[in-house]
Amino acid sequence: SLSDRLGNVFDRLRGRGALTEADVRAAMREVRVALLEADVALPVARDFVDKVTEKAVGQEVIRSVTPGQMVVKIVNDALVETLGSETAELNLDVNPPAVIMMVGLQGSGKTTTTAKLAKRLTERERKRVLMASLDVARPAAQEQLAVLGRQTNVDTLPIVAGQPPVEIAARAIQAAKLQAYDVVLLDTAGRLHVDDALMGEMKAVAQASKPTETLLVVDSLTGQDAVNVAKGFAGEVDLTGVILTRMDGDARGGAALSMRAVTGKPIKFAGVGEALDKLEAFHPDRVAGRILGMGDVVSLVERAAETIEIEDAEKLAAKMAKGKFDLDDLWSQLKQMQRMGGLGALAGMMPGMKGMKGAMDKAQDSKALVHMEAMLSSMTAKERAKPEIVNAKRKIRIAKGSGTTVQEVNKLLKMHQEMSTVMKRLKKMGGLGKLAAMFG
Ligand code: GDP
Ligand code: MG
């Protein structure tokens, strides 16, 4: 396994501090093999490894883990980040009907996924959905969708024999407008390979129906061909996302990385079975684990890192007790506490702090954190070290520099003061280590 191979690579360098370039390159050769075994396309694996190599060189190896384990964790984190850094929700926020066009190779699961998506939108989001099959290439394809419509209680556009795809799409959108449907799902014809005639047809449909979402449906067993498929479709239509099917099978999930790397579009859903309720949100962390096959190592390194963060937090608490807690400390503290069950949870457990729970939960939502980071980086080092010098004029400058408001700057400063109080109480209660132990 990857673990054994990395073990061999690193046996000779146990106990060293930072990862050197030679160490990382040796490890990355093994990682590259693991990626290829998981069906990541070769050029994608190569690029990914280069990117992560750069990131890993010079990183400190956490106490109590081996360099090999450290590399696996770095690779895993980069995988998770690459697989899903942006929101994967469907954009239905348009003047109805929202048009969703499904494209992909024949047999990739377009028709099944169209019905799954229709069912999900109907049941979970209470949308009125109309499905239409534009597949005139294959006999009985339109009837297949009609059958799925009856199974899921979703309306399908009545079949008119001999109508070309662009006209079917226009009729579907017209019907949706007249009958007040929220969403129109267009299931397009399959293609065995990326071929010109069908691509032309797909482009014509896209131009005529102006879809809000154009989703590429891909079989997760697609291996080295993934790059061609992704490039072929992305070159012809403006994709907005990818759906991976057959994630219930043996696929290690490498196609997910290939698709992300080539299209740059989010993976919005995963098909996990033939049944019509087998469509899930895409989970980057699970798929990363599947690609590397190193879930145990990842959680081991995470636990080791947490232990060290608790120790660091205790050091900080000691510093604070001496009356030192500046905005730099606030920032690192926010990040640490998030990992320990959250600020809100912490505040909720402390006598006299319950009132702050809501505010702290709020401060933790990621948008607020992004704003806080922007404000903190718009401050001078002096301001972060001595928050009391931040006067009205400085607040205006910080708000402008960070794209926030003076109110938000005020909130941040108030939060810092409240945190100082919390930290002092924590110290009195026996330190963060003791509290962390209470979270199990
Ligand atoms: P299309 O040609 O792209 O429209 O593909 P279909 O929707 O007709 O699907 C082809 C086959 O794949 C059917 O037998 C589906 O039941 C099956 N299928 C689709 N999605 C999944 C999935 O997520 N898991 C499994 N196991 N089978 C799937
Ligand atoms: Mg089909």
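The structure displayed is predicted, hence computed values, not measured ones.

1. A short note on the packing of helix 2 (residues 21-37) against helix 4 (residues 67-83)
No. 1: Relative to each other, helix 2 and helix 4 sit at 60°, their axes nearing to 10 Å. The hand of the helix 2/helix 4 crossing is right-handed. Of the residues in helix 4, those in contact with Asp23, Val24, Ala27 and Val31 of helix 2 are Pro67, Gly68, Val71 and Val75.
No. 2: Residues that form the contact of helix 2 with helix 4 fall into these classes: six nonpolar, one polar and one charged.

2. Concerning the site of ligand 1
No. 1: Inspection of the region around ligand 1 gives 18 residues, with Gly109, Lys110, Thr111, Thr112 and Gly271 positioned closest.
No. 2: Considering every element that reaches the shell around ligand 1, the biggest residue donor is helix 5 (residues 110-125), with three residues.

3. Quick word on unusual backbone geometry
No. 1: Following Pro96, the chain continues into Pro97 via a peptide bond in cis, with omega recorded as 0°.
No. 2: Here Pro97 shows up in the loop between helix 4 and strand 1 (98-103).

4. Remarks on the environment of Lys411
No. 1: One can find Lys411 in helix 19 (residues 406-428).
No. 2: Sequence separation of Lys411 and Met372 is 39 residues, and the distance between their C-alpha atoms is 9.7 Å.

5. Notes on the sheet that holds strand 1
No. 1: The sheet built from eight strands is open, its strands ordered 3-2-4-1-5-6-7-8 with mixed pairing. Two strands in the sheet have a free side with no partner beyond their single neighbour: strand 3 (155-156) and strand 8 (279-281).
No. 2: Inspection of the sheet shows strand 5 (residues 213-219) paired to strand 6 (residues 241-245) by five bridges, in the parallel sense. By the bridge assignment for strand 6, Asp219 is matched with Thr245.
No. 3: Each of strand 2 (129-133), strand 3 and strand 4 (183-187) touches helix 6 (residues 141-152); the most contacted strand, strand 2, lies at about 160° to it.

6. Concerning the UniProt feature "domain: SRP54-type proteins GTP-binding" (unreviewed entry) in the chain
No. 1: Under the UniProt annotation, "domain: SRP54-type proteins GTP-binding" (unreviewed entry) lies at residues 266-279.
No. 2: When the span residues 266-279 is considered, its composition is 0% helix and 43% strand, and the gap between its end C-alpha atoms is 16 Å.

7. Looking at the confidence of the model for the chain
No. 1: Per-residue pLDDT for the chain has a mean of 84; in total, 80% of the residues score no lower than 70.
No. 2: Here the prediction assigns the complex a pTM of 0.71, and the interface score ipTM is 0.99.

Rules used throughout
- Residues numbered from 1 in each chain as written.
- Chains lettered and ligands numbered in written order.
- Predicted model: local features only at pLDDT ≥ 70, side-chain atom pairs only at ≥ 80, totals over all residues.
- Axes fitted to C-alpha atoms, helices over the stretch in contact; angles between N-to-C directions.
- Helix = DSSP H or I, 4+ residues; strand = E, 2+ residues; numbered from the N terminus.
- Left-handed = near helix turned anticlockwise from the far one by under 90°.
- Contact = placed C-beta atoms within 7 Å.
- Nonpolar A, V, L, I, M, F, W, Y, C, P; charged D, E, K, R; others polar.
- Near = placed C-beta within 6 Å.
- Pairing = 2+ DSSP bridges.
- UniProt positions renumbered as here; feature names shortened; annotations may be inferred.
- pLDDT = per-residue confidence, 0-100.

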